[in-house]
Amino acid sequence: MFFFFAGGLGQQVRQVLKSGAGKCIRCGSEADLVDYDKVLKLFFVPVWRWPGKDQVLHCRDCDLFFPPPISLATCRFCDRVVEPEFRFCPFCGSSL
Ligand SMILES: [Zn+2]
Ligand SMILES: [Zn+2]
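Values in this document were obtained by computation on a predicted structure and should not be read as measured data.

**Points about the pairing of strand S4 (residues 56-59)**
Right, on to step 1. Taking every second residue as pointing to the same face, both faces of S4 are buried, with Val56 and His58 on one and Leu57 and Cys59 on the other.
Right, on to step 2. As judged from the 4 bridges shared by strand S2 (residues 30-42) and S4, these two strands associate in the antiparallel manner. Looking at S4, one finds that Leu33 is bridged to Leu57.
Right, on to step 3. Sheet topology places S4 next to strand S5 (residues 65-66); 2 bridges connect them, and they run antiparallel. The residue bridging Leu57 from the neighbouring strand is Phe66, located in S5.

**Here's the deal with the nonpolar core**
Right, on to step 1. Among the nonpolar cores identified, the biggest contains 8 residues, and these are Ala21, Ala31, Leu33, Val34, Tyr36, Val56, Leu57 and Cys59.
Right, on to step 2. Looking at this core, the element that brings in the most residues is S2, giving 4 residues.
Right, on to step 3. Not counting residues up to four positions away in its chain, the partners in contact with Ala31 are Ala21, Gly22, Lys23, Cys24, Leu57, His58 and Cys59.

Rules used throughout
In this convention, every chain numbers its residues from 1, walking through the sequence in written order. Starting at A for chains and at 1 for ligands, labels are handed out in the order in which the entities are written. It should be noted that, the model being predicted, local features are given only for residues of pLDDT at least 70 and side-chain atom pairs only at 80 or more, the latter also being counted only at that level, while totals for whole chains, interfaces and linings use all residues. Any residue surrounded by 20 or more other C-beta atoms within 10 Å of its C-beta is treated as buried, while 12 or fewer makes it exposed and the intermediate range makes it partly exposed; C-beta atoms here are placed from the backbone. Counting from the N terminus, the helices are DSSP H or I runs at least four residues long and the strands are E runs at least two residues long. Each pair of strands is called paired provided DSSP finds at least two bridges between the two strands. For our purposes the nonpolar core covers buried Ala, Val, Leu, Ile, Met, Phe, Trp, Tyr and Cys residues that link as a set through C-beta atoms within 7 Å. Here, residues touch in the contact sense if the C-beta positions derived from the backbone fall within 7 Å of one another.

See below:
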């Protein structure tokens, strides 16, 4: 976490998967479920970018990234919301 604050490492939305999927834990506004890139910046210039592992929720109002609640599991293949205890996606049959 040290690097997150001191080293210019930030997060940037790559793709919105589900608009209004959750609520911001800080300001209570609508938050989107997103895929994100981690971005390393030097002197405010992005020098390196790589994809984040998990989907996260992103608040449009206060620009906060935070992990989705457990109840919001989505299928990696078809991006539909599924029950977290499911082992297979009921929509496309992929293993989760
Ligand atoms: Zn917010
Ligand atoms: Zn699926």
